[in-house]
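# Coordinate inspection notes
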Amino acid sequence: MSADTITTAARRLLTATDLRSPCPPVRDLIGPTDVTAAYAVQQLLTQDRVERGAVVVGRKIGLTNPVVQAQLGVDRPDFGVLFDDMDVTGTPIPSSMLLQPKVEAEIAFVLGEDLDGDLTLESVRRGVARSHAAIEVVDSRVAQWDISYADTVADNASAGLYVIGDRLPDAITPSAVTMTMSVGGTIASTGYGTDCLGDPLNALLWLAETARDLGEPLRAGHVVLSGALGPMVPVRPGDRVEARIGLGDETLATAVAEFAPQP
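We now turn to the structure provided with this report. Values in this document were obtained by computation on a predicted structure and should not be read as measured data. (Residues numbered from 1 in each chain as written. Predicted model: local features only at pLDDT ≥ 70, side-chain atom pairs only at ≥ 80, totals over all residues. Heavy atoms only, no water.)

Quick look at the layout of surface pockets now. By volume, the largest pocket is sized at about 470 Å³. Lining the largest pocket are 22 residues, with Thr17, Arg20, Arg49, Met86 and Arg141 sitting closest to its centre. Mapped onto the lining of the largest pocket, the elements with two or more residues apiece are helix H1 (3-19) and helix H3 (35-51). Along its surface, the second largest pocket is lined by 17 residues, and Tyr39, Gln43, Phe79, Leu214 and Glu216 are the ones closest to its centre. Secondary-structure elements contributing two or more residues to the lining of the second largest pocket are H3, strand E1 (56-62), strand E2 (78-83) and helix H7 (200-213). The dominant element in the lining of the second largest pocket, judged by the number of residues it contributes, is H3, at eight residues. Among the residues making up the lining of the second largest pocket, the classes are represented as nine nonpolar, six polar and two charged. (1 Å grid on protein atoms, 1.4 Å probe; cavity = no way out; pocket = protein on both sides within 12 Å on 5 of 7 lines; lining within 4 Å. Points joined across faces, edges and corners; volume = space filled by probe spheres on them. Helix = DSSP H or I, 4+ residues; strand = E, 2+ residues; numbered from the N terminus. Nonpolar A, V, L, I, M, F, W, Y, C, P; charged D, E, K, R; others polar.)

At a closest axis distance of 9 Å, the pairing of H1 and H3 adopts a crossing angle of 55 degrees. Compared by their axis directions, H1 and H3 come out oblique. Where H1 crosses over H3, the handedness of that crossing is right-handed. In contact with Ile6, Thr7, Ala9, Ala10, Leu13 and Leu14 of H1, H3 contributes Ala37, Ala40, Val41, Leu44, Leu45 and Asp48. Among the residues forming the contact of H1 with H3, the class breakdown is 10 nonpolar, one polar and one charged. (Axes fitted to C-alpha atoms, helices over the stretch in contact; angles between N-to-C directions. Parallel < 35°, antiparallel > 145°, perpendicular 65-115°, else oblique. Left-handed = near helix turned anticlockwise from the far one by under 90°. Contact = heavy atoms within 4.5 Å.)

Turning to the sheet that holds strand E7 (residues 186-192), a few remarks are in order. Overall, antiparallel pairing links the four strands, which are arranged E7-E6-E10-E11 in an open sheet. Looking along the sheet, the strands with just one partner apiece sit at the ends: E7 and strand E11 (250-258). Between one strand axis and the next, the sheet turns by 20 degrees as a mean value, whatever way the strands run. Pairing between strand E10 (residues 240-247) and E11: eight bridges, direction antiparallel. Note that in E11 the partner of valine 241 across the bridge is alanine 257. (Pairing = 2+ DSSP bridges.)

Within the secondary structure, isoleucine 245 is located in strand E10. According to the relative accessible area criterion, isoleucine 245 is buried, its value standing at 0%. It is 23 Å that separates the C-alpha atoms of isoleucine 245 and aspartate 139, two residues lying 106 residues apart in sequence. (Buried < 20%, exposed > 50% of the residue type's maximum accessible area, 1.4 Å probe, protein only.)

Function cannot be inferred from these measures alone, as they are strictly geometric.
In structure tokens:
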């Protein structure tokens, strides 16, 4: 894939972001399954954000849930970059920040140490300082969410914003949790820890290995959104989203996202 083609694809997505107007998919340029080309586009987008003053604070893992994979017609995880200005915890979210928002409930891990070198499920478990209930606001710069795997990877894994909620107990087993997410007081999505690659820690291990192999390992202090525990749901201005993570019927932690009414 030529550098010019990668740059053209990145410019298309950057223009969509800057003009607040969704664009056609980029698979006509990079193909629907070229992972290397897609991450090369994502890297250019990351470079642009950093040059504009954004700070990298972590990563998000996408497409870990079979239901979400089916929704988007893909069959493997991906990852994107989290920036400091994506954290909207405790802040009403204006529609001007988003194009085609949807929400997912998940577990966010905050790392207490670098995840590099030889990695195992136990080593990444030890590397987690704490975990939280979280809501990810996913958003696509691609019109009508018409995405292939390469489209979403190139578009920073369709990252938008995120909310960090209550801390989960340190002794929690992530694979054992249940999730209920309501929109406007009505239950809109449910799921289990096992719906995220069998265990959210499996997703963290996959990301840690992938990031290490790319020469950009996860670092202490990074936030990692580990992936959806249930189907993603569209949201509109004025919606209140509440995600509850628990064991059985017991709620252990809650995250809330408030979307500002249309001005």
